Structures are given as C-alpha cells and as structure tokens.
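# Examination of the molecular architecture
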Amino acid sequence: MSATATAEQIASAARADAPPAIELAGVNKWFGALHVLRDVNLAVAPGERVVVCGPSGSGKSTMIRCINRLEIHQEGRIAVEGIELTDDVRALDAIRREVGMVFQSFNLFPHLTVLENCTLAPIWVRRTPKKEAEELAMELLARVKIPEQALKYPGQLSGGQQQRVAIARALCMRPKIMLFDEPTSALDPEMIKEVLDVMVELAGTGMTMMVVTHEMGFARQVADRVVFMDQGEVVEVGTPDQVFNAPKTDRLKLFLSQILRGH
Amino acid sequence: MSDTAIPSGPRKPPITAVGPIAWAKTNLFSGWLSTAVTLAMGYLLIKLALSFIDWAFVNAIWSVPSNAQGPQTQACRDLRGAGACWAVIGEKHRFMLFGTYPYEQHWRPALACVLFVVLYIISAIRSFWRWELALVWIGMLTAIGILMWGGVFGLSYVPQERWGGLPITLILATFGLAFAFPLSILVALGRRSSLPAIKVLCVLYVELIRGVPLISLLFMASVMFPLFLPEGMNIDKLLRAQIAIILFAGAYLAEVVRGGLQALPKGQYEAADAMGLSYWQKTGLIILPQALRMVIPPLVNTFIGFFKDTSLVLIIGIFDLLTAGKTAIVEPAWQGFGVEVYVFVGAIYLVFCYAMSKYSRGLEADLNRHRRR
C-alpha cells in the first residue's frame, strides 16, 4: 500500500511540471441559441484521471466531445498535448491519433469482426503492418478478457463484451489520452462491473483518462479529481473526497442527494 | 415458482404443430372460407396449367415446310390459336438475337453474348472481388467491342447501325449499370457533402434527371444533342443512348444509395472520425460497406428495372432484343405469331432478371451474416 502511495506522489510531482494533456480555456458552445458550454476552464495533467459528473443536459458529454472535435466549440481555446484544435485538418488528425474514445452506445462496426474492429485504425491510420496490428489487438483483447471472441461479430456479443471490445479498439491506437462518454449508461446492471473493472485496471497503468459517468463508486476509486458540471458550467472541481463529502455549492448538494436517493 | 416447478427436459413440439400436414392445415384449410378459396384457386390453377400445356406442347407445331416462296405457315394458321407455332422461333431466332448483323458473321455477337455472361459469372463470385477484377472487365469489354465492330485481326468492319438484338440489350444494360453505379455513389455522397457547391450540383442533377421521362432523355440524346455539336462531329447513336441511360440510372440509384447512407447510425460516423480515419477511409471502409448492404434489395430492384428499360431505345431506332423480335414478325409469312415471339423474348429477359434476383438474395444473406446472432 505504501509503495503505491509513493508511486502516486512521484506521479503527481511529475504532473505539476509537464504541460497539460488537455487544456480548455474559456470554451463556449451554442447549439443554435442554446448556450451549452459556458466559459469552461479545465486542465488535465498527463496521467491524471478526471471524472466528470452532473445532471443530464449539463454539457458534460458535449465538453468531452469537443476535445476530439466531434463537436465544434465556437469560442475559447482547446489544446490537446499542446496542439490547439482549429480548422487545421492535420492538427485534428494528429490529435485524433492520440486520443481514444469510448462511446455510450459502443459504436463498434457491425460488419467487421472484433479483431478487424481493433486492427482497422492501426492499419489505416498508423500504417502498422497487419500482423503486428493483429498481435497488439489480441494482446489488448486479452487485457479486456475477451480474446476468445476475436473472430465473432459485435452483434454476437453482450453489451458488456461489446463495450470492452470498444475499449480495446481505442487502446489499439496506443493513445496517450482516453475519453469515456458514459461508457456504462447503456448497459444492464450485471454488465456494468465487468466494464468498470477494465477501466480501473486501465487507470492503474497511468493512462490519462477523462470519464463522463454517473458511477460514483468508480469516481471514488480511481479519480484524481472530480468535475461537477451543471447547465453548461463547471461548478466544482476537487478530489473525490472534497466533492462527495464536502460539497460547497447547493447545486452539487442537490445533485448528490438525488443520485444517492437513486442508489 | 420453485416449489411448483416440475423437472423436465426440452420436449419435441406436438406432431400437429410441425410438418407438411400442419403447414397445410394452418395455411390452406384453417376454416371453411379458406378451404373454399384453396379449392377454387387450386381448380383454376390446374385448369390454366393444363390449357397452357395444350397450347405450348401438345398442339404446338415445331417446324413448317419451306419452298421457293419461303416458309409455308398454313399449318400454323389452321390451328387458330389452339397451339403455339414455335416454328417462328426456329425460323427467326437468329434475327431476333442478332438483328441485322451480317448473317455469316453471327458467331461474333453470339460470342460477345457468351463473354458478357462469363463476365457476369466471374463478377458474381465473391472471392474474385479484388481490384484485378477491374482489369478483367476492361479486357472483356474491349474484346466484346473488337468482336462487334471488327476492322482488326481480319474481322470485317460492321457499323453500329447493323448491330441488333441481344448484344445491344446486354451492352446498354452492362455499360449502363457499370457506369451508373459508381456515379450514383459519388452523387449520393455529394448530396450529403458539407460543401454547398457540391451538394447543390448533386441535388440539381438528381432532381433534373429524375423529373424527366427516360423516353424524352433518349429523344434529346438522339435528336437534340447533335445540334449542339460542331459541324461534322458526330457521336455514335448507340453511345448517345448509352449516356442517356447512364445519367438516368445514376440519378435513381443515387437516391437508393442515399437511403442506405441515411439509415446508418450517426455513431458509426463518429467512431470512424474519433479513430482519425480520413474522409475516404471512413467512407470506403465503414460507411459504404454497411450502407450498400442495407440497400441490396432496392438496388437490385432498380438494376432489374433498368435492364428492361433498355428496350425503350426502340423509339430512337436502335434494334435491341425486343425491337428485333417485333420486327421479325413484320414479314407477311409470320404475321400474327406475336405471342410466340414475345414469349421467347420474355423468357430471355426473365432468365437474366431472375438470375439477378436470385443472386442478390444469396448475396444479401451472405453479406449480412454479421447480423445473425
């Protein structure tokens, strides 16, 4: 236990000097007239695990989707690994190669096998030789504990298995950052744990992670910081302990009481 | 529940629920009304089948004598429709299949048709779906062109005006769909493009072409188009009709393809984007393979429709299979035997269309096996 603590301390010391992995400064976004992100400021250090929570419609998914430009922000600055997100296609391609994303609805490619899902981007985007890409894919499928499903199609798998494939698929690009957009929200309760276990294990490898989730247990277990959003604003940021045990704002208190009642 | 549960393995369904007897009982004799309809329809069906067999086989005349004045069709006329006069097919099939192509050279269009069929069979085999297949197509189509035109390799030159019959139908349909299909994919993608100029262009193309009957396009191609060309320049009539068919089929197919693109969940686009795939990688590897699979039935429906629509070129004086058949019975000796000729021509169309339909069903099942659980 003490060994992990020292490792943690070393890691956090290193984080203080390095440039942020993700940086959002004064980010604003509108859907039509609807102001969905209001002056969002947030920096994620390399290796840091950030959990974003908040009521539905609070803009947390929109924020995370702005980071790899699935949504386009209208004001402010977003930089990933020091590269600013602009209309420049090359910068965007460079960022997308380094950022893996896991979606609520898995979004596996149904016409490709599990293995092909995993090797597609390494082969076409990273130009990895096929054999090498397949070896890496099998290694990562083993890490998410479904190597035996490699030749099946996604439609033949359970939801939990599909989401684990989606995680492996994103990891096959050897990303520096992983974004999770409500990865367990579409799953049956008995499958949530198998996905969270994989994510906890991934957190243990020092991956920079940004996770939008309602799983407070997961947040307590792995998050370095928890970000609470409401109505497009970042309302509170702190350690899991600060956010869950000593909420400062009424909005967070209300949110916590609501999700606690739900559990 | 647990205290009332009786331990039992899976049982076979009752004998009345499976097998042909059960099927007949549920589908044919489920009540007095359905039984009455079944019996009435069965009676009608058998009666029709018997009279067709009488006409087509029992009373049919298969050949007629011939003298210096030509074939003697009196025997056929004496039947007064009680039997088919298949002699007309025996006598006229060369003209129907190859039109006014020089008689002693008929082996050339015949070989061209065989090459077309070989090309279809090769293209239908999925393990041949590699880029080399494009070379096979180019090679085969060139060979067909050389066979039909001649003028090289000791083959005598045959001008396009003398071509006719089945090769014309196959040329129009094959070239038409081979060019219209890629065109339609580009147009469908263009209609969803984020670039306004491309989008407007594609919408205009589809709406303009689709809003006009094919016949008027063919007329335009044959009558109006030459007026716009500079003096002395003349594009082959068949080529002009071919272009009209390509443009027309392209517009229809584009809408079918667009349907497939729209049916694809947004998440597929997002996942491909998030992985850093380029537009063409995303389109070629993720979007089109899924979108086209979804629209195989309407695509083949359109293909079959256009295969038959090639017969409309008769209005600009091109001798396709149907027109050649019609012309064959203009000769006085054979006037009045239209039914036999149309049955023959119809059977040829049916063979090709049924092959397409049958193949597409197999392809659909095969390509969509990922949907099975």
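## Description of the overall build of chain A
When its secondary structure is counted, chain A shows 10 helices and 10 strands. Here the C-alpha atoms of chain A give a radius of gyration of 18 Å, agreeing with the 18 Å that 2.2 N^0.38 yields for 263 residues. Projected onto the principal axes, the alpha-carbon positions of chain A cover approximately 55 × 45 × 40 Å. The burial tally for chain A puts 54% of its 263 residues in the buried class. Accessible surface, chain A as shown: approximately 11,700 Å² in total, 54% of it carbon and sulfur. For chain A, the distance from the average position of its 29 positive side-chain charges to the average position of its 33 negative side-chain charges is 2 Å.

## What to know about the pairing of strand β3 (residues 49-53) of chain A
Residues and elements named next belong to chain A. Here β3 lies mainly inside the structure; 5 of its 5 residues are buried. With burial as the criterion, each face of β3 is covered, one bearing Arg49, Val51 and Cys53 and the other bearing Val50 and Val52. Relative to strand β8 (residues 208-212), β3 runs parallel, the two being bridged by 4 bridges. Across the sheet, residue Val52 finds its bridge partner in β8, namely Val212. Relative to strand β9 (residues 225-230), β3 runs parallel, the two sharing 4 bridges. Looking across to β9, one finds that Cys53 is bridged to Phe228.

## Thoughts on the confidence of the model for chain A
When pLDDT is averaged along chain A, the result is 88; 92% of the residues meet or exceed 70. In the model, residues 1-5 of chain A has pLDDT below 50 throughout and makes 0 contacts with residues more than four positions away in sequence or in other chains.

## A look at the nonpolar core
In terms of nonpolar packing, the biggest core is built from 132 residues, with Ile22, Leu24, Met63, Leu179 and Met210 of chain A together with Leu261 of chain B touching the most fellow members. If you tally residues by element for this core, the top one is helix α10 (residues 237-263) of chain B, at 13 residues. If near-sequence neighbours (up to four positions away) are discounted, Met210 of chain A is found in contact with Ile22, Leu42, Val44, Val50, Val52, Met63, Ile64, Ile67, Met178, Leu179 and Phe180 of chain A. Counting 51 residues, the second largest nonpolar core, distinct from the first, contains Leu115, Ala219, Val222 and Ala223 of chain A.

## Considerations on the interface of chain B and chain A
By convention, interface size is frequently given as the accessible area that disappears when the constituent parts associate. Contact residues are listed per partner, giving 21 residues for chain B and 26 residues for chain A. Buried area between chain B and chain A, both sides added, is near 2,000 Å², and the carbon and sulfur share of it is 61%. In terms of surface lost to chain A, no three residues of chain B exceed Ala274, Met275 and His370 of chain B, which account for 30% of the buried area on that side. Counting every contact that joins chain B to chain A gives 1 salt bridge.

## Concerning the packing of helix α14 (residues 321-328) of chain B against helix α15 (residues 338-367) of chain B
Relative placement of two packed helices is described by the angle separating their axes and the distance separating the axes. Residue and element names in this part refer to chain B. Close contact between α14 and α15 brings their axes to 10 Å; oriented N to C, the two are set at 165°. With respect to α15, the element α14 is oriented roughly antiparallel. The handedness of the crossing between α14 and α15 is right-handed. Here Leu321, Leu322, Gly325 and Lys326 of α14 lie close against α15, whose contacting residues are Val341, Tyr342, Val345, Ile348 and Tyr349. Of the residues in the contact of α14 with α15, the class split is 7 nonpolar, 1 polar and 1 charged.

## Quick notes on the packing of helix α4 (residues 114-124) of chain A against helix α6 (residues 159-171) of chain A
Residues and elements named next belong to chain A. Two elements in contact, α4 and α6, have axes separated by 8 Å at closest approach and are oriented at 25°. Considered as vectors, α4 and α6 are oriented roughly parallel to each other. The hand of the α4/α6 crossing is right-handed. Across the interface between the two elements, Val114, Asn117 and Cys118 of α4 pack against Val165, Ala168 and Arg169 of α6. Broken down by class, the residue content of the contact of α4 with α6 amounts to 4 nonpolar, 1 polar and 1 charged.

## Topic: the environment of Pro102 of chain B
Residue and element names in this part refer to chain B. Along the chain, the position of Pro102 falls in the loop between α4 (87-98) and α5 (107-124). A residue is classified by how much of its surface remains accessible, and Pro102, at 16% relative accessible area, is buried. The spatial distance from the C-alpha of Pro102 to the C-alpha of Ser156 is 10.0 Å, given a sequence separation of 54 residues. Setting aside residues no more than four positions away along its own chain, Pro102 makes contact with Val158 and Arg162.

## As for unusual backbone geometry
Residues and elements named next belong to chain A. For Lys145, which is not a glycine, the phi torsion comes out positive at approximately 70°. As for its placement among the helices and strands, Lys145 is situated in the loop between α5 (130-143) and α6. One non-glycine residue with positive phi stands out, namely Gln231, at about 50°. Residue class for Gln231 comes out partly exposed when judged on its relative accessible area of 47%.

## Quick notes on the pairing of strand β7 (residues 177-181) of chain A
Residues and elements named next belong to chain A. A large share of β7 lies buried, amounting to 5 of its 5 residues. By the alternation rule, side chains of β7 split into Ile177, Leu179 and Asp181 and Met178 and Phe180, which are all buried. Judged from the 4 bridges that link them, strand β6 (residues 99-102) and β7 form a sheet pairing that is parallel. Paired with Met101 across the strands is Leu179, a residue of β7. Bridge count between β7 and β8: 5 bridges; the pairing is parallel. From the neighbouring strand, Asp181 faces β8, where its bridge partner is Val212. Remark: the β7/helix α7 (residues 189-204)/β8 crossover connection has right-handed handedness.

## Quick look at the sheet that holds strand β4 (residues 75-80) of chain A
Taking strand neighbours across the sheet as the criterion, the 4 strands line up as β2-β1-β4-β5 (chain A) in an open arrangement whose pairing is antiparallel. With partners counted over all chains shown, the strands left at the sheet margins are β2 (34-44) and β5 (83-84) of chain A, one partner each.

## Focus: the sheet that holds β9 of chain A
All names here are of chain A. Taken in spatial order, the 6 strands line up as β6-β7-β8-β3-β9-β10 in an open sheet, and their pairing is mixed. The open sheet has two edge strands with one neighbour each: β6 and β10 (233-238). Within this sheet the neighbouring strands show an average axis-to-axis angle of 15°, counted without direction. Packed onto the sheet, helix α3 (residues 89-98) meets β6 and β7 and runs at close to 65° relative to β6.

Rules and cut-offs
Along each chain, numbering runs from 1 in the same order as the chain's sequence is written. Chain letters and ligand numbers both follow the written order, the letters beginning at A and the numbers at 1. Confidence filtering applies because this is a predicted model: local features only for residues at pLDDT of at least 70, side-chain atom pairs given and counted only at 80 or more, and all residues used for totals across whole chains, interfaces and linings. Only hydrogens and water are removed before side-chain values are computed, so all heavy atoms of the structure are retained for them. The helix and strand labels rest on DSSP assignments: H or I over at least four residues marks a helix, E over at least two residues marks a strand, and numbering proceeds from the N terminus. The size measure is the radius of gyration over C-alpha atoms, and the globule rule it meets is 2.2 Å times the number of residues to the 0.38 power. Per-residue accessibility, obtained with a 1.4 Å probe over protein chains only, is compared with the maximum for each type, and a residue is labelled buried under 20%, exposed over 50%, and partly exposed between these values. All accessibility values rest on the Shrake-Rupley procedure with a 1.4 Å probe; residue burial counts only the protein chains present in the view. Charged-residue counts in this description rest on Lys and Arg as positive and Asp and Glu as negative, His and the chain ends being excluded. Every charge is mapped onto a representative atom, which is NZ of Lys, CZ of Arg, CG of Asp or CD of Glu. Strands qualify as paired when DSSP identifies two bridges or more between them. The pLDDT value expresses, per residue, how confident the predictor is, ranging between 0 and 100. In what follows, a contact means two residues having at least one pair of non-hydrogen atoms within 4.5 Å. Remark: nonpolar core denotes a set of buried residues (Ala, Val, Leu, Ile, Met, Phe, Trp, Tyr, Cys) joined through side-chain atoms within 4.5 Å. Note on definitions: buried area is the accessible-area loss of two parts on being combined, 1.4 Å probe, summed for both. Between Lys or Arg on one side and Asp or Glu on the other, a salt bridge is scored when a side-chain nitrogen of the former is within 4 Å of a carboxyl oxygen of the latter. For helices, the fitted axis covers only the stretch in contact; all axes are lines through C-alpha atoms, and the angles between them, taken along N-to-C directions, range from 0 to 180 degrees. Oblique is the label for any angle not covered by the other classes, which are roughly parallel (under 35 degrees), roughly antiparallel (over 145) and roughly perpendicular (65 to 115). Each crossing gets its handedness from the near helix: less than a right angle anticlockwise from the far helix is left-handed, clockwise is right-handed. Charged residues are taken to be Asp, Glu, Lys and Arg, nonpolar residues to be Ala, Val, Leu, Ile, Met, Phe, Trp, Tyr, Cys and Pro, and polar residues to be all remaining types, Gly included. Think of it like this: strands point away, you trace from the first strand over the helix to the second, and a clockwise trace means the crossover is right-handed.

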